[in-house]
Structure formats: structure tokens, C-alpha cells
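Single-letter residue listing:
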Amino acid sequence: MRWTTLGYHHDWDTKVYSENMKNKFPQDLADLTKFFATTLGFENYSAEAAIVNYYPIGTTLAGHTDHSEANLDAPLFSFSFGQKAIFLLGGQSKDEKPSAMFLKSGDVVVMSKSSRLCYHAVPRVMSCELEPYNNFNSNEPEEKKCKIVNDCDDENFWTPFRHYLKDSRININIRQVLNKGQLEL
Ligand SMILES: O=C(O)CCC(=O)C(=O)O
Ligand SMILES: [Fe+2]
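Residues numbered from 1 in each chain as written. Chains lettered and ligands numbered in written order. Predicted model: local features only at pLDDT ≥ 70, side-chain atom pairs only at ≥ 80, totals over all residues. Heavy atoms only, no water.

Overview of the coordination of the iron ion (ligand 2)
Okay, so step 1: Looking at the iron ion (ligand 2), the protein donor atoms are His-64 (NE2), Asp-66 (OD) and His-120 (NE2), and they sit 2.1 to 2.2 Å from it.
Okay, so step 2: Each donor residue of the iron ion (ligand 2) belongs to the same chain, and together they define the spacing H-x1-D-x53-H.
Okay, so step 3: The exposure class assigned to Asp-66 is buried, which follows from its relative accessible area of 3%. (Donors = N, O, S within 2.8 Å, 3.2 Å for Na, K, Ca; no water. Buried < 20%, exposed > 50% of the residue type's maximum accessible area, 1.4 Å probe, protein only.)

Some points on the nonpolar core
Okay, so step 1: If you look at the biggest cluster of nonpolar residues, it comprises 20 residues, and the most contacted ones within it are Phe-25, Leu-29, Tyr-45, Ala-47, Ile-172 and Ile-174.
Okay, so step 2: Elements that contribute at least two residues to this core include exactly helix H1 (27-39), strand E2 (49-56), strand E4 (76-82), helix H3 (155-166) and strand E9 (168-175).
Okay, so step 3: Contact partners of Phe-25, with chain neighbours within four places excluded, come to Leu-6, Gly-7, Ala-30, Ala-47, Glu-48, Ala-49, Ala-50 and Ile-174.
Okay, so step 4: Counting 10 residues, the second-largest nonpolar core is a separate cluster that includes Leu-76, Ala-85, Phe-87 and Met-111. (Core = buried A, V, L, I, M, F, W, Y, C linked by side-chain atoms within 4.5 Å. Helix = DSSP H or I, 4+ residues; strand = E, 2+ residues; numbered from the N terminus. Contact = heavy atoms within 4.5 Å.)

Some words on unusual backbone geometry
Okay, so step 1: The phi dihedral of Lys-15 is positive, around 60 degrees, even though this residue is not glycine.
Okay, so step 2: Tracing the sequence through the fold places Lys-15 in the loop between strand E1 (2-7) and H1.
Okay, so step 3: Judged by relative accessible area, which is 27%, Lys-15 ranks as partly exposed.
Okay, so step 4: Non-glycine residue Asn-44 carries a positive phi angle of around 60 degrees.
Okay, so step 5: With respect to the element layout, Asn-44 can be found in the loop between H1 and E2.

A word on H1
Every α-helix carries 3.6 residues per turn, so stepping three or four residues along brings you back to the same face.
Okay, so step 1: With 13 residues, H1 ought to run about 18 Å at 1.5 Å a step, and its terminal C-alpha atoms sit 18 Å apart, in line with that.
Okay, so step 2: Residues Leu-29, Ala-30, Thr-33 and Ala-37 constitute the buried set of H1. Around the axis of H1, the buried residues are gathered within 100 degrees of arc, so they sit on the same side. Away from the buried face of H1 by more than 90 degrees, exposed residues Asp-28, Phe-35 and Thr-39 are located.
Okay, so step 3: The inward-facing, buried residues of H1 contact E1, E4 and E9.
Okay, so step 4: Just beyond H1, the residue with positive phi is Gly-41, at close to 90 degrees. (Expected span 1.5 Å × (residues − 1). Arc of directions from axis to C-beta.)

Quick look at the packing of aromatic side chains
Okay, so step 1: In total, this model carries 8 aromatic pairs according to the counting rule given.
Okay, so step 2: Seen in terms of ring centroids, Phe-35 and Phe-36 are 6.1 Å apart; in terms of plane orientation they differ by 80 degrees. Their pairing is edge-to-face.
Okay, so step 3: On the accessibility criterion, Phe-35 (56% relative accessible area) is exposed.
Okay, so step 4: Taken together, a centroid distance of 5.3 Å and an interplanar angle of 35 degrees make the contact between Phe-157 and Phe-161 tilted. (Phe/Tyr/Trp six-rings, centres within 6.5 Å; stacked < 30°, edge-to-face > 60°.)

Written out as C-alpha cells, the structure is:
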């Protein structure tokens, strides 16, 4: 499994965010996440760090908690695309037996309040039966479709992504790092 980072870079070795290791967080992803946060009643949410996880079928992510953010009250948002996974969600200690759920393309996991600091893991990525990520039949009129949707309608543009997703899952894991009013680490 591989990953890239956006915004504040999460260093999996030290688990420390730093002001010296960050780039601009993509505005469209920040807006999308804020939409989810506001809809769920989390005002003032600001997406500041993301890990984009790339899982070829057969790869796994070991059990862990995400506790490096200065702000542990803001929820963690997790968007899944491509092939499906088994996601294990446990408790705040390893003594608690985890619950298993499937995460499919388009599913969003929100870890907030008591689940924010719970152990979780991805023990299995496997083939899905349906491929919702290949379906661009939107009812939006042509002029209202955003650029990325129009780009994906173009077979030449989409083909490499379709090939990649056929055997892989992508998860985008988004966090707010700073507390309200905090300007830097
Ligand atoms: O792939 C997932 O669903 C979870 C990823 C995750 O837990 C993380 O990036 O911290
Ligand atoms: Fe995590």
C-alpha cells in the first residue's frame, strides 16, 4: 500500500505534523468536506490535512488510532473509491472487539465524538460486483457539469483511471489539524 499527503503532511514514522512540511490543501476537496461537516452540524470545520491511501487488492492497513492532530474534537472524514474493503472499527483501547463493515465506492465514514480516537484497520481489499465509479450518467445539464465530470466523460481521459481502479481502492482521509483560532502549529 502507498499514500500521498495533502495540506499538512502526515509523517507515518514520527506521526508529527509540522509547519515546515505542508502545502496548499486543494480547495475543491476542502469545500466538499466542509459541506459534509456543516450538514452534520460541525460548524467551523476546516480541512487541513489529508492522506490519500492507495490499496491494490491484497494490501492491508494495520490497526491504529489517528491522534496526531492538535484538534481532536473535529471529526475525521474518510471517502472511499474503487474496489471494496473490510473496515474494522474498534474501541479506544485494544481490549474492545471491533465491528466489521464493508466500505464500497462512494461510502463516507465520519469518525467523530467517541469514535474519533477509536482503533481502526483495513484487513482486506477485495473486488466489488458493481462499479459505480464507472457510471457518469448524470442528470445535470451539460453546462452545469463541473470540469472534472466533463473530463471523465472523455474515454481517453478516464481509461487509465478505470484500469487503475479495476484492481485498487483509494481512500481519502481528511483531518482538521488546528484548533479554532490557531493559525499555525
Ligand atoms: O482506508 C481506510 O478506510 C482508512 C485509512 C486510515 O485509517 C488512515 O488513513 O488513517
Ligand atoms: Fe486511520
